[in-house]
Structure formats: structure tokens, C-alpha cells
Amino acid sequence: MFFPSYRFTHPETENTIRIDRWSYLWAGLFGAIFVAFKGMGGRFMLAAAVNILFAAGVLGVSAVTSFVLIPLHQFFVILVGVPLVIAVQGTMMVNIVRNGYRKRGWRIKVNE
């Protein structure tokens, strides 16, 4: 499955955090802010570094294609590339959150 849902449960307090399929979109759009919002403030800098790399990549591709491609082709490259970047970045941000809760000892359940 491309975007699995997760439920993180604290082993002592039974506090629960959920990540569903929509979380991948929000994580892709808001990146490091999503990571901090999900309680992983200590991993904010890692997430911010990933955000910066993706932003630099998108800007780099936009700049290079403006010199190489005609505007219509550049439009289609961006039209396909930006949603792909959002999906990949969202997956990476969810993985940062998942690994953070795993390292804290929370129970992780993958919901189908």
C-alpha cells in the first residue's frame, strides 16, 4: 500500500496519535511544521533540512527547464513534478514522525 495509516499508542498512558492517508498530503505541503505539530519538535531540524532540499530541487528544476524547454513543456514538467514532490516529501515526513515515536517506545499499529 502506498500511503499506510498508522496509530501510535503510548505504552503507559495509552495516549493515541493517528496518521491517516490525508496526513501524507498535509505532511507534503507543510513539511517540518507537520512534524512539529505531531509532537516531534526534536526532529524539526531534520524535517526542515528535508524541506530545504526539496525546495531547492523544485527551484533548480524550474530554473533549468526555463532555459531548456519551451514554456508549454516546462508547464507540464512542473504540473507532474510538484505533486510527485509533495507525495515523496509527505512520505518522508511521515517516516520521520513514525521513527520518532518508535524511538520513544510507542506502540505502532499499521491500519490497512
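Structure first, text after, so check above.
What you see is a predicted model, and the numbers here were worked out from it, not measured in a lab.

Caption draft 1: Structural detail: unusual backbone geometry. If you check the backbone angles, Glu14 has positive phi at about 65° while not being a glycine. As for its placement among the helices and strands, Glu14 is situated in the loop between strand S1 (5-9) and strand S2 (16-19). A residue is classified by how much of its surface remains accessible, and Glu14, at 45% relative accessible area, is partly exposed.

Caption draft 2: Just the pairing of S2, in detail. Residues Ile17 and Ile19 line the buried face of S2, whereas the alternating positions Thr16 and Arg18 sit on a face that is not buried. Examined bridge by bridge, S1 and S2 share 4 bridges and lie antiparallel to one another. Paired with Phe8 across the two strands is Ile17, which belongs to S2. Hairpin connection between S1 and S2: a loop of 6 residues separates the two successive antiparallel strands, and Glu14 in this loop has a positive phi of roughly 65°.

Caption draft 3: Looking closely at helix H1 (residues 21-30). Taken residue by residue, H1 has Ser23, Tyr24, Ala27 and Gly28 as its buried positions. Projection of H1 onto a plane perpendicular to its axis shows the buried side chains occupying an angular sector of 135°, all on one side. Buried positions along H1 lie against S1, S2, helix H2 (32-37) and helix H4 (71-103). Looking at where H1 begins, the residue whose side-chain oxygen comes 3.2 Å from the main-chain nitrogen of Trp22 is Asp20. Just past H1, the residue Gly31 takes up positive phi, approximately 50°.

Rules used in this analysis
Chains are numbered independently. Their residues run from 1 in the order of the written sequence. The predicted origin of the model limits local features to residues at a pLDDT of at least 70 and limits the giving and counting of side-chain atom pairs to 80 or more, whereas totals for whole chains, interfaces and linings rest on all residues. In computing side-chain values, all of the structure's heavy atoms are included and hydrogens and water are not. Each helix is a run of DSSP H or I of at least 4 residues and each strand a run of E of at least 2, with the numbering of both proceeding from the N terminus. Burial classification: accessible surface area is computed with a 1.4 Å probe over protein chains only, and a residue below 20% of its type maximum counts as buried, one above 50% as exposed, and the rest as partly exposed. Note: two strands are recorded as paired if DSSP finds a minimum of 2 bridges between them. Taken from the helix axis, the directions to the C-beta atoms give the arc we talk about. In what follows, a contact means two residues having at least one pair of non-hydrogen atoms within 4.5 Å. Residues adjacent in sequence count toward polar contacts only when both atoms are side-chain atoms; beyond that, a polar contact is any pair of N or O atoms within 3.5 Å, and within protein one must be able to donate a hydrogen and the other to accept it.

By themselves, these observations are geometric and do not establish any function.
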